[in-house]
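Chains, contacts and geometry: an overview
One-letter residues, chain by chain:
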Protein chains: 2
Amino acid sequence: MSTKSSPRAPQRPRTASPNRRERATDLRAAGSAAVPTFKPIHTRRTFEEICERIREQLALGVLKPGDKLPAERELAQQLGVSRNVLREALRSLEMAGVLRLQKGVKGGAFIQQGDTRRMNEVMRDMLSLGTISVRELSEARVHVLDLVVQLACANARRGDLDALEANIERTELATKEGRLLDRVECSREFYKLLAASTGNKVIAMIVDSVTEIHMRFVYAKVASSGVAMARLAEKRRQFLAALSERNVALASRLLRSHLESVQRMLEQDPGAMSLHVALADVQPGLRR
Amino acid sequence: MSTKSSPRAPQRPRTASPNRRERATDLRAAGSAAVPTFKPIHTRRTFEEICERIREQLALGVLKPGDKLPAERELAQQLGVSRNVLREALRSLEMAGVLRLQKGVKGGAFIQQGDTRRMNEVMRDMLSLGTISVRELSEARVHVLDLVVQLACANARRGDLDALEANIERTELATKEGRLLDRVECSREFYKLLAASTGNKVIAMIVDSVTEIHMRFVYAKVASSGVAMARLAEKRRQFLAALSERNVALASRLLRSHLESVQRMLEQDPGAMSLHVALADVQPGLRR
DNA sequence: TTCCATTGAATGGGTGATCCATTTAATAAT
DNA sequence: ATTATTAAATGGATCACCCATTCAATGGAA
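Here the residue numbers are simple positions, counted from 1 along each chain's written sequence. To label them, take the chains in the order written and letter them from A, then take the ligands in the order written and number them from 1. Note on the predicted model: pLDDT of at least 70 is required for a residue's local features to be given, and 80 or more for side-chain atom pairs to be given and counted; whole-chain, interface and lining totals, by contrast, use all residues. The side-chain quantities take in all heavy atoms of the structure and omit both hydrogens and water.

Quick look at helix H9 (residues 201-225) of chain B
All names here are of chain B. We count it as follows: In this description a helix means any DSSP run of H or I spanning at least four residues, a strand means any run of E spanning at least two, and both kinds are numbered starting from the N terminus. In this analysis, the expected span of each helix is defined as 1.5 Å times one less than the number of residues it contains. Polar contacts here mean pairs of N or O atoms no more than 3.5 Å apart (in protein, one a potential hydrogen donor and the other a potential acceptor; neighbouring residues in sequence count only if both atoms are side-chain atoms).
In this model, H9 (25 residues) spans 35 Å end to end at C-alpha, consistent with the 36 Å of a helix rising 1.5 Å per residue. In this structure Asn200 caps H9, since a side-chain oxygen of it lies 2.8 Å from the backbone nitrogen of Val202. Of the residues one or two after H9, Gly226 is the one with positive phi, at around 75°.

Below you can see the structure in the form of structure tokens.
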């Protein structure tokens, strides 16, 4: 508070908290004219303020992917906070996929391209915390994939179909050579390619997030029991043929039927369906 | 690491980094038998390790919502890291909605119920960073809402319909009294209720995330131009009637038609559609 | 006894100084 | 011209504090 006349502020500038309090109160007052109850303020902490400040610059277009933030020591001084608390904010933004921190001279905090895998983490956390259930996730996946088939039939381009074709060939090879877990990887990629073929990254992101979790269950099931979906590549080819002919009804029916058979396979042994097995540890290929 | 025989470790246990290096290398080696190229390791930092450790406990069910982590000072000592770096990890988890940090004696880090609003943040960041476009978001929203109508017709319960009815009444009141921005708030809530009526929290979360952004645009448009959708409550009533009769085709048609007219309203003045206006600052009601 | 004010300990919030490890550019040596 | 060395900048991490908040325990007043 006060004047802050000293050039390097040798004594503590311990003014952050009271200032924030005032600001929060102002915001509430501006919210609506006559407020009946007024409890929920929940004083802002500096790292929240910092995160928000940076996100604001992002939304305003002042910061764009590729840009570099000032060095930690300098930015901390600019913001009038300690380097430690600034790092808490930067860490949060890094975990959020907004920043990438790079060491060394010419290093720094660089704004990143958005990482759509963040949504996977959200789904995973919601499942871990019991906010959503496996049943809801599976159901949502079926419905969303149905939508994907419609959009893919409408929008898939030649390159998308070729990529799916190549994926099916890899699946066949993995099947022949008995690499069951690699085949699960192929499946995961198949749905990713299918989602991408809709041409809509929002849809693709949603599909990926539900599929990523689902594939962990499949992976765990295959790894523990050794069973595997029969005639997988063949079914994929039929589906791709329907997709290529833009036959929505057929493609939709084929996919739904396949999803149901996978679901039956998974539910066959409820013990292996435990969240813990599927979520707990990190399989080599399924991780970023 | 070594023996760590001293009880309180007065000298620095500066051994963290080299250990992590070794561990990362081991992981890579275990990843596959014969690796052709080996570049991407990207040494793990302690805060990542900590986050992962805690998430692992979550997935394993050792930690559940409501549980409390040890105090920062103690947990830091248990993990053999400094309190500051532990706080970086806790901050990240707090931003992720996994933890809530509470001050005071009997305070601590408490595992939370999952907060589905996290997905909104993801969408917002992806849009800010240019990873997804407004067009993709709008398109996805239309398709997802179409799906929602199907599911709502199938699954909506009496309470859901009553809540929608009550929402429409609030909308009428706001319209009569000319509170245009409150009416936008009602719209946001309408879609939230509609999404909830599917009975599937995954679907609801997805719908909310795309709707939240969309409503920012509507809010900005209404706030700047003062225009507002005509006959809103009336259209809502028609839609709700169709929903109550489980008439999927009619409900779907009504909603789609409404969405299109809103879209026309928004696109009428492209200037007001700027990302910056919609995303930059925080409207009182639209914020957590 | 009951109730309320005081106190003190535990806890998260925050600061500043200091060191380490990595990276890169500038410089020197070959 | 090439290669090795050095120096500076930067993120990574630690330590030692201090502050503000919260709540249980304590003790005095009614």
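Observations concerning the nonpolar core
Our working rule: By nonpolar core we mean a set of buried residues, namely Ala, Val, Leu, Ile, Met, Phe, Trp, Tyr and Cys, connected to one another through side-chain atoms within 4.5 Å. Each residue is placed in one exposure class: buried if its accessible area under a 1.4 Å probe, protein chains only, is under 20% of its type's maximum, exposed if it is over 50%, and partly exposed if it falls in between. In what follows, residue pairs with any heavy atoms lying within 4.5 Å of each other are defined as contacts.
Of all hydrophobic cores here, the largest spans 108 residues; its most connected members are Met123(A), Leu194(A), Leu243(A), Met123(B), Leu194(B) and Leu243(B). Apart from residues no more than four positions distant in its own chain, Leu243(B) is found in contact with Val149(B), Ala152(B), Cys153(B), Leu161(B), Leu164(B), Leu194(B) and Ala251(B). One finds Ile50(A), Cys51(A), Val98(A) and Leu99(A) within the second-largest nonpolar core, a separate group that totals 22 residues.

Quick word on the protein's contact with DNA strand D
Going by this rule: Near is defined per residue: the residue qualifies when any heavy atom it owns lies within 4 Å of the molecule or strand.
Near DNA strand D you find 31 residues, and of these Arg91(A), Gly108(A), Arg45(B), Ser82(B) and Asn84(B) are the closest. Within 4 Å of the protein, atoms of DNA strand D come from sugar and phosphate in 64% of cases. Note that a phosphate oxygen of DNA strand D is positioned 3.0 Å from one of the backbone N or O atoms of Thr46(B). A distance of 3.1 Å separates a base oxygen of DNA strand D from a polar atom in the backbone of Val105(B).

Quick word on the interface of chain A and chain B
Under the convention used in this document: Definition used for salt bridges: Asp or Glu carboxyl oxygen within 4 Å of a side-chain nitrogen of Lys or Arg.
Each side of the interface is counted separately: chain A has 64 residues, and chain B has 64 residues. Summed over the shared surface of chain A and chain B, the result is 12 salt bridges. Of the charged contacts, one joins Glu136(B) and Lys201(A) as a salt bridge, the two residues approaching to 3.5 Å between their closest N and O atoms. Inspection of the region where chain A meets chain B yields 18 residue pairs in polar contact (both at pLDDT 80 or more). Listed by contribution, the elements that provide at least two residues to the side of chain A that touches chain B are helix H2 (46-59), helix H4 (83-95), helix H5 (118-128), helix H6 (134-155), helix H9 (201-225) and helix H12 (275-279) of chain A. Broken down by element, the residue count for the side of chain A that touches chain B peaks at 9 residues, all from H5(A).

Brief notes about unusual backbone geometry
Although it is not a glycine, Arg246(A) sits at a positive phi angle of roughly 60°. Taking the relative accessible area as the measure of exposure, Arg246(A) reaches 36% and is therefore partly exposed. Phi at Arg231(B) takes a positive value of approximately 55°, unusual for a residue other than glycine. Its place among the elements puts Arg231(B) in the loop between H9 and helix H10 (232-244).

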